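An overview of the molecular structure
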Amino acid sequence: MNRYDTIYDVMVIGAGFAGMAATLFAAERGLKVAQTGATGGIDFSTGFLDLMAVHPVAEGRYWDSPWDAIDAVIAEHPGHPYARLGKDRIRTAMNDFTSFLQSQKLEYMGHEDRNTPILTPAGTVKRTYRIPRTAWKGTEALRDKAPTLIVDFNGLKGFSGRQIVEMQHKEWPRLKAVRVDFPGSFGELYPEHMAWTLSSPDRCKELADSIAEHAKDVEYIGFPAVLGLNDPVRTVTLLEELTGKHVFEIPTLPPSITGPRLRATFDRGLAPKGVCTFSQKMVLEARRDEDGLFSFLIGVPGDARTVRAKNAILASGRFFGKGLRAERTGVVEPVFGIPVTQPEQRADWHHPHFFDKQGHAINMSGIEVNDSQQPLDAAGKVLHDNLYAAGAIQAHHDWMRMKCGAGIAIATAYRAVEVITEKNGE
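Rules used throughout
Residues numbered from 1 in each chain as written. Predicted model: local features only at pLDDT ≥ 70, side-chain atom pairs only at ≥ 80, totals over all residues. Heavy atoms only, no water. Axes fitted to C-alpha atoms, helices over the stretch in contact; angles between N-to-C directions. Helix = DSSP H or I, 4+ residues; strand = E, 2+ residues; numbered from the N terminus. Parallel < 35°, antiparallel > 145°, perpendicular 65-115°, else oblique. Left-handed = near helix turned anticlockwise from the far one by under 90°. Contact = heavy atoms within 4.5 Å. Nonpolar A, V, L, I, M, F, W, Y, C, P; charged D, E, K, R; others polar. pLDDT = per-residue confidence, 0-100. Core = buried A, V, L, I, M, F, W, Y, C linked by side-chain atoms within 4.5 Å. Buried < 20%, exposed > 50% of the residue type's maximum accessible area, 1.4 Å probe, protein only. Polar contact = N/O pair within 3.5 Å; in protein donor to acceptor, adjacent residues only side chain to side chain. Phe/Tyr/Trp six-rings, centres within 6.5 Å; stacked < 30°, edge-to-face > 60°. Pairing = 2+ DSSP bridges. Salt bridge = Lys/Arg side-chain N within 4 Å of Asp/Glu carboxyl O.

Where helix α1 (residues 17-28) meets helix α9 (residues 258-270), the closest approach of the two axes is 11 Å, and the angle between their N-to-C directions is 20 degrees. If you check the angle between α1 and α9, you find them roughly parallel. The interaxial crossing formed by α1 with α9 has left-handed handedness. Listed contacts from α9 to Phe17, Met20, Thr23 and Leu24 of α1 are Leu262, Arg263, Phe266 and Leu270. A breakdown of the residues in the contact of α1 with α9 according to their chemical character gives six nonpolar, one polar and one charged.

We now examine the confidence of the model for the protein. Confidence in the prediction of the protein, expressed as mean pLDDT, is 93, and 99% of residues score 70 or more. Looking at the elements of the protein, mean pLDDT is at its lowest for strand β11 (residues 276-279), recorded as 89, and at its highest for strand β19 (residues 387-389), recorded as 98.

Time to look at the nonpolar core. One finds Phe25, Tyr82, Ile90, Phe97, Phe266 and Ile313 to be the most contacted residues of the largest nonpolar core, which totals 55 residues. When contributions to this core are tallied by element, the ones reaching two or more residues are β1 (7-13), α1, α2 (66-76), α3 (87-103), α9 and α11 (405-424). Here this core gets eleven residues from one element, more than from any other, and that element is α11. For Ile90, the residues in contact, after removing those within four places along its chain, are Leu51, Trp67, Ile70, Tyr82, Leu85 and Ala411. With 35 residues, the next largest nonpolar core counts Leu175, Val180, Ile211 and Phe248 among its residues.

The next point concerns the side chain of Asn311. The topology assignment puts Asn311 in strand β14 (residues 303-314). Among the polar contacts made by the side chain of Asn311, one reaches the main-chain carbonyl oxygen of Asp9 at a distance of 2.9 Å.

Here we take up the packing of aromatic side chains. Applying the stated criterion to the full structure yields eleven aromatic pairs. Where Phe44 meets Phe320, the ring centres are 5.3 Å apart and the plane angle is 90 degrees; that geometry is what we call edge-to-face. With Phe44 in the loop between β2 (33-37) and α2 and Phe320 in the loop between β14 and β15 (325-327), this pair connects stretches of sequence that are 276 residues apart. Judged by relative accessible area, which is 38%, Phe44 ranks as partly exposed. Overall, the relative accessible area of 58% leaves Phe320 in the exposed class.

The side-chain alternation of strand β5 (residues 125-128) yields one buried face, formed by Lys126 and Thr128, and one unburied face, formed by Val125 and Arg127. Here four bridges tie strand β4 (residues 116-119) to β5, and the two strands are oriented antiparallel to one another. Opposite Ile118, over in β5, you have Lys126 as the bridge partner. Turn length for the β4-β5 hairpin, with the two strands adjacent in sequence and antiparallel, is five residues, and the turn residue Gly123 shows positive phi of about 90 degrees.

In this structure, Arg133 sits in helix α4 (residues 133-144). In the structure, Arg133 is positioned 25 residues away from Tyr108 in sequence and 5.2 Å away in space, judged by C-alpha atoms. Each residue touching Arg133, except ones within four places of it in the same chain, is listed here: Glu107, Tyr108, Met109 and Val233.

Right, let's get into the sheet that holds strand β10 (residues 246-250). The four strands are arranged β8-β7-β9-β10 in an open sheet whose pairing can be described as parallel. The open sheet is flanked by β8 (175-180) and β10, the only strands paired with a single partner. Adjacent strand axes in the sheet meet at a mean angle of 25 degrees when their direction is disregarded. The pairing of strand β9 (residues 220-224) with β10 spans five bridges and is parallel. Its bridge partner being in β10, Phe223 is matched across the sheet by Glu249. Sitting on the sheet, helix α5 (residues 161-168) is in contact with β7 (148-153), β8 and β10, with an inclination near 165 degrees to β8. Contacts from helix α8 (residues 232-243) reach β9 and β10, with the element oriented near 140 degrees to β10.

This brings us to the pattern of salt bridges. By the definition in use, this model includes 27 salt bridges. Put simply, Lys176 and Asp217 hold a salt bridge, and the shortest N to O gap is 2.9 Å. With Lys176 in strand β8 and Asp217 in the loop between α7 (201-211) and β9, the pair connects residues that are 41 residues apart, well separated along the chain. Among the charged side chains, a salt-bridge network with shared partners connects Arg91, Glu112, Asp113 and Arg130.

Turning to unusual backbone geometry, a few remarks are in order. Of note, the bond from His55 into Pro56 is cis; its omega dihedral lies within 30 degrees of zero at -10 degrees. Along the chain, Pro56 falls in the loop between β2 and α2. The phi angle at Gln280 is positive, at roughly 60 degrees, despite the residue not being glycine. Within the secondary structure layout, Gln280 lies in the loop between β11 and β12 (282-288). Relative accessible area serves as the criterion here: at 47%, Gln280 is assigned to the partly exposed category. At His396, a residue that is not glycine, the phi angle is positive and equals roughly 75 degrees. By secondary structure assignment, the location of His396 is in the loop between β19 and α10 (399-402).

Written out as C-alpha cells, the structure reads:
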C-alpha cells in the first residue's frame, strides 16, 4: 500500500508552528499522521517561543508572568483561544514541545513562571517564554549589563552590531561592537551558508582569532545566529573554548537561520515517528464523504492526488500561511468554507494610522471553535465532528502584538490531538 492508498488517522493541514505541533503530538500518541502544507511561518521565526507577554496591546504593557497575562487577556477577551484550554494543559503542551526539540539537539531554556528579557536584532528588548540555549547567555549579559562585544560581518544583511549598541548605550555602557570579515568568504553573505561554514572547527578558529584583540576586555561575545545549523550548541561551545568568553547568538532579521533550524529539527525527528509528509503540497479541495472520512485533493493544479483521513486538523495559519484569504467581499477560509469572524465592513479592517499601537481589527479575525477545537458554522454548531482547528486561524487574538503566537499554536494543537485521541479510545 503506497502513501496515497493509506487511510490516515489524522491529516494535518499546515506546516507552521501549529501544524508541526499537531503532527508531533499526534504521532507521539501512536496515530497514523499525514501532513501537508507549504513553507510556513516557522521558517521565518526568530526561534523564540512566545507564550503571552503584551496586554493590553494599545498600552503596550509588558508582563513578567505569562500566566498572569493570560488571566488578564481572558478577562478582557473571553473568546481568546487560551480561554478554552486551561493553564495546566498549556504548560504541558509547551513542555512536551520543547522536550521533543531537546531530544533533537535543539535545547530551549527559560523560567517556569516568568518571561525572560532578550535582545532583538533591532537592538530592542522583548520578553519571551522559551529561548534557544545558544541565545541564553545573552539574557545573562543583558541582565547584568556585563562587558559585552557584539560581532557582525561585512556582507551580512539584517544584523548590525552598531545598531544594537546605539539602541542600548544609555542602559548598557559596557556594550560595544566590531565588524569583521567572515572566515573564508567575501561579498554578500547568507545565514544558511554561514551556518554550514561554522560547522568546521578550522573556520571557528579563524573567527576566534579575528576577534581576539577586540574581546580582551569583555566577558560575553554576541554573534548573529549563524553558529551552525544542526548542532549549534557544539559550535557555541567550541567558540567559548577558543575565546575564553561566554558566547551567545542573536537572531538576524527574517529569514533567520533560527527558522530553518526548527524546520530541520522537525524534518529529522518526525520521519522516524512514521509521519507521512506531503511537503510543499497544498490542499486544493476537501470533502467529507458519506462514510464520514475526509478526502483531500493535494498537490498543484494538473498534478494532484487524493489522500483520505479519519480526522483533520486545520492549522493553515492566517493570511501569510494562506489559511485565510482576503477577497473584495470579505475574508474567507478557502479549504472548508468555514465562516470567518471579521469586521462587518472592509473599511473597518484597518486603523487609519498603520502603526497605531492598538493594531488593526482585521488582526483579530479568524474562525470560531468550541472547547474541543472544532470549527463552528454560522449558527454556532459544529461543522464536522472530525474536523479541528489549531493556531493562528482561530479568532479573537492578535498574536503578533500580544506576543502569544507560539503558545497558541502549540497549546491548541495539543488540545485538538487530545480530543482525537480520547475519541479513538471510546
